[in-house]
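Descriptive structure summary
Now for the letters of each chain:
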Amino acid sequence: MELFLFLLTSAPVLMFVTGVIAAVGKSNLKIPDSLSTTLNIYLLLAIGLKGGMGLASVSFEEIALPLTVTLLIGILLPLLAFLAGGLLKFTFHERIAMAATFGSVSLVTYVAASTQLERLGIGYEPFMTTLVVVLEIPGLIVALLLYNQTQVMGITATSGKTNSLSVLRDSLFSKSILLMLAGLVVGLVTPDATPLKPFFVDLFPGVLLLFLLGLGVKVGQQLKTVPTYGLKFVAMGMLFPLIGALVGFLAAGVAGLSEGGTILLMTLAASGSYIAAPAMLQASVPEAKPSFYLTLSLAVTFPFNLLIGIPLYIAIVT
């Protein structure tokens, strides 16, 4: 209980809750879209740079098994989400949206977990950011492959017009992946990254607080749409992260990750994408409603992981 209270009173969580309260209370507090975009770009670059700096000290032998295991997770999770959606009697296109959402990852959830680990003094592998990039893409491709089939799990679907290669291309050149990859490369090949640390490392906690404040406002605005989708919608948004966390826990054991690395892999597997997945779904699965998958990831799964999931994953591992 002390651990939960310690984590729930952390600055990132409190700032997020402040944003939610502001939206629910109809405050005039608002983070301008231009500032939100700027903060997002900063966070993506900073995470990539920090990962690249750490990756420079790691050999390929050390990262080969974690990379392989993470890739398998990226293939398994969307299939599990699709099957779970079928058990709960969601429509075919809703199940595709779930596969993409839970098959991809939430960078902000990862950042929140890593920030909590640093606050607790729990170390983790320097290549974890690389695993974020690896886990971002496979789920989107698997979801699209499911969509493109004319007969999937006994349910007839419309024939898709987009192939997996185009999804791979679009994913690699999406803002989140491109910026993280750029940061990884810069952090990896720069002979001396010390001059970059004051801006991209020291300022990171403060920028994260501003971003979470704005995200809290967005979540608060989405909350009113949750009841329209029913109890099974909320159950899916809260229970599937626990399934994903279990998969991440088992995979981390196979990969031989440390306590911190295990917690982060559990968090990644438990998270739901609200950036990459919506972009793919809007472009390739127009039948899926944005209000459905954005509300699922933003208003249910993200708050669950931030307030309950991350403290629970830390408690289980430690």
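The rules we used
- Residues numbered from 1 in each chain as written.
- Predicted model: local features only at pLDDT ≥ 70, side-chain atom pairs only at ≥ 80, totals over all residues.
- Heavy atoms only, no water.
- Helix = DSSP H or I, 4+ residues; strand = E, 2+ residues; numbered from the N terminus.
- Expected span 1.5 Å × (residues − 1).
- Buried < 20%, exposed > 50% of the residue type's maximum accessible area, 1.4 Å probe, protein only.
- Contact = heavy atoms within 4.5 Å.
- Phe/Tyr/Trp six-rings, centres within 6.5 Å; stacked < 30°, edge-to-face > 60°.
- Core = buried A, V, L, I, M, F, W, Y, C linked by side-chain atoms within 4.5 Å.
- Patch = residues over 30% accessible without salt bridge, like charges linked within 9 Å, V, L, I, M, F, W, Y side chains within 5 Å.
- Areas by Shrake-Rupley, 256 points an atom, 1.4 Å probe, with all protein chains shown as cover.
- Salt bridge = Lys/Arg side-chain N within 4 Å of Asp/Glu carboxyl O.

Residue position: Ala56 is located in the loop between α3 (33-55) and α4 (60-87). Spatially, the C-alpha atoms of Ala56 and Phe127 are 9.0 Å apart, while their sequence positions differ by 71 residues.

Our focus in this paragraph is helix α2 (residues 11-24). Each turn of an α-helix holds 3.6 residues, which means side chains three or four residues apart point in the same direction. Taking 1.5 Å per residue, 14 residues should reach 20 Å; α2 reaches 20 Å between its end C-alpha atoms and fits that length. For α2, the full list of buried residues reads Pro12, Val13, Phe16, Gly19, Val20, Ala22 and Ala23. In this fold, the buried residues of α2 make contact with α1 (2-8), α6 (107-120), α12 (204-222) and α16 (290-317). Downstream of α2 by one or two residues, Lys26 has phi in the positive range, about 60 degrees.

This part takes up the packing of aromatic side chains. Evaluation of the coordinates by the stated rule reveals 11 aromatic pairs. With 4.9 Å between their ring centres and 90 degrees between their planes, Phe199 and Phe200 make a pair best called edge-to-face. Residue Phe199 is classed as partly exposed on the basis of its relative accessible area of 45%. Phe200 gets classed as buried once you look at its relative accessible area, which sits at 15%.

Side chains of nonpolar character tend, in soluble globular proteins, to be buried together. Within the largest apolar cluster, 103 residues are counted, with the highest numbers of intra-cluster contacts made by Ile73 and Tyr110. If one sorts the elements of this core by residue count, α16 sits on top with 13 residues. Look past the residues within four positions of Tyr110 in its chain and what remains in contact with it is Ile47, Tyr124, Met128, Thr129, Val132, Leu264, Thr267 and Leu268.

Turning next to a nonpolar patch on the surface. On the surface, Leu71, Leu72, Ile75 and Leu79 cluster together into a nonpolar patch covering about 340 Å² of accessible area. With respect to the helices and strands, Leu72 occurs in helix α4. The exposed category is assigned to Leu72, whose relative accessible area is 54%.

Another aspect to go through is unusual backbone geometry. Despite not being glycine, Lys26 has its phi angle at roughly 60 degrees, a positive value. In this fold, Lys26 is placed in the loop between α2 and α3. Unlike most non-glycine residues, Lys89 shows phi in positive territory, near 65 degrees. Under the relative-accessibility criterion, Lys89 is labelled exposed at 67%.

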